[in-house]
Amino acid sequence: MMTKSFPWLTSLLVAVAALLWNNGRQNSSTLVVHAFSTTSTSSSSSIHSIDNIPCRETSIYISALDQSITILEATLEGQDKLVDEVLLLDEERDESNDNIVDNDPYGSVLWPAALTVSEHITRDSFLKSSNGDDNNHPPTLLELGTGTGLVALAASASNKYESILATDYETVPLKLLDAAYSLNQNDDDDIPTTTPIVTSLFDICNLSVPLPPADIVCAADILYEKSTGIALAKRCIEALERGSRVVIGCSPGRPGRPAFLEELKRLNPRMKEVDFVDLEGSTCTGERNSLICGADSSSISDEPEMLVIALMDLTPDCL
């Protein structure tokens, strides 16, 4: 989760309303089936304390890799704690004090588009088209708004990236990713990750700071607000103009998506025909605080279910 605008509670309610309005929307693009499986574990050995937030191990099967990746998500208790902290900060904030909300809880749990983006960027066909004829120099990867870090962990497990930089504007997601990376390295049952992941704080909305260099720039489920959508559009153009490939994944109903598309086309007239393509993805499982994910949300289900995910894959030649 990347956005810093507030009040947090108001934007969250707007997001839930938009999700209900847009639930189930899909266009006429060809659907591609992805196979997903998620397993949450809650035994005492699989619960970790990250920044005093209880987190559970969740195993995510990535079909492109034919292996499972372990991530860390805040437990319901951990989510409650993060939400309470945010609400307390919101109550205590002086209107004259430009204080930024910390511990935004969105990034402490997995969202559906991360699964789709993970599959996409680890497929051999994607990597081959990114490398071109230069198979001796694997691409570098920059992830914006890493959250639980599934995309970065999948890229690492593929061992087909020269370097991986995972960023977020919050410290908690980066700590979740660092801990999960170690878990995957020490998991004797799975193929260990082999490409190191570097984590760093980065706010896409702070346009005074340039994007870190990378051959591929990706983001999954960060279009929660209009301001973030506009900022991400500007970052996409920035990345494309310097020669990077850009991959964006978005679950149904994200309220920042229309602003993202509008700004993208405003910034470059040649982007007027650019749009997301609908792919078959999967819901996520596991308990969610009702203020993080409403009961009627299409993103979460008791068992994995098909969910249409919007994906955008842009190359510099589209400019």
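Before reading further, recall that the structure is shown in the block above.
Residues numbered from 1 in each chain as written. Predicted model: local features only at pLDDT ≥ 70, side-chain atom pairs only at ≥ 80, totals over all residues. Heavy atoms only, no water.

Remarks on unusual backbone geometry
Worth spelling out the cut-off: Each helix is a run of H or I in the DSSP string that is no shorter than four residues. Each strand is a run of E no shorter than two, and both are numbered from the N terminus.
The backbone of Asn 52 shows a phi angle near 65 degrees, a positive value even though the residue is not glycine. Considering the arrangement of structural elements, one finds Asn 52 in the loop between strand 2 (47–50) and strand 3 (53–62). One non-glycine residue, Asp 66, lies in positive phi territory at about 55 degrees. Mapped onto the elements, Asp 66 comes out in the loop between strand 3 and strand 4 (67–74).

So, the pattern of salt bridges
Pairs can form between side chains of opposite charge once their charged atoms are near each other. What counts here: One side-chain nitrogen of Lys or Arg within 4 Å of one carboxyl oxygen of Asp or Glu is enough to make a salt bridge. The buried label goes to any residue with under 20% of its type's maximum accessible area, the exposed label to any with over 50%, and the partly exposed label to all in between, with areas taken from a 1.4 Å probe on protein chains only.
Summed over the entire model, instances satisfying the criterion amount to 9 salt bridges. The closest approach of N and O atoms between Asp 51 and Lys 175, which form a salt bridge, is 2.8 Å. Of this pair, Asp 51 sits in the loop between strand 2 and strand 3 while Lys 175 sits in helix 6 (residues 171–185), and the two are 124 residues apart along the sequence. Given the relative accessible area of 35%, Lys 175 is considered partly exposed. In this structure, Glu 238 and Arg 235 form a salt bridge, with 3.0 Å as the shortest nitrogen-oxygen distance.

Thoughts on the packing of aromatic side chains
Which entries qualify depends on this criterion: Between the rings of Phe, Tyr and Trp (Trp by its six-membered ring), a pair exists once the centres lie within 6.5 Å; its type follows the angle of the planes, with under 30 degrees stacked, over 60 edge-to-face, and the other angles tilted. Charges are assigned to positions over rings by a cutoff of 6 Å between ring centre and Lys NZ or Arg CZ, combined with an angular limit of 35 degrees from the ring normal.
Tallied over the full model, the rule gives 4 aromatic pairs. An aromatic cluster of three or more residues is present, and its members are Tyr 106, Trp 111 and Tyr 224. Lying across the ring of Phe 276, Arg 257 places its NZ or CZ 5.3 Å from the centre. In this structure, Arg 288 is placed above the aromatic ring of Trp 111, and the distance from its NZ or CZ to the ring centre is 5.9 Å.

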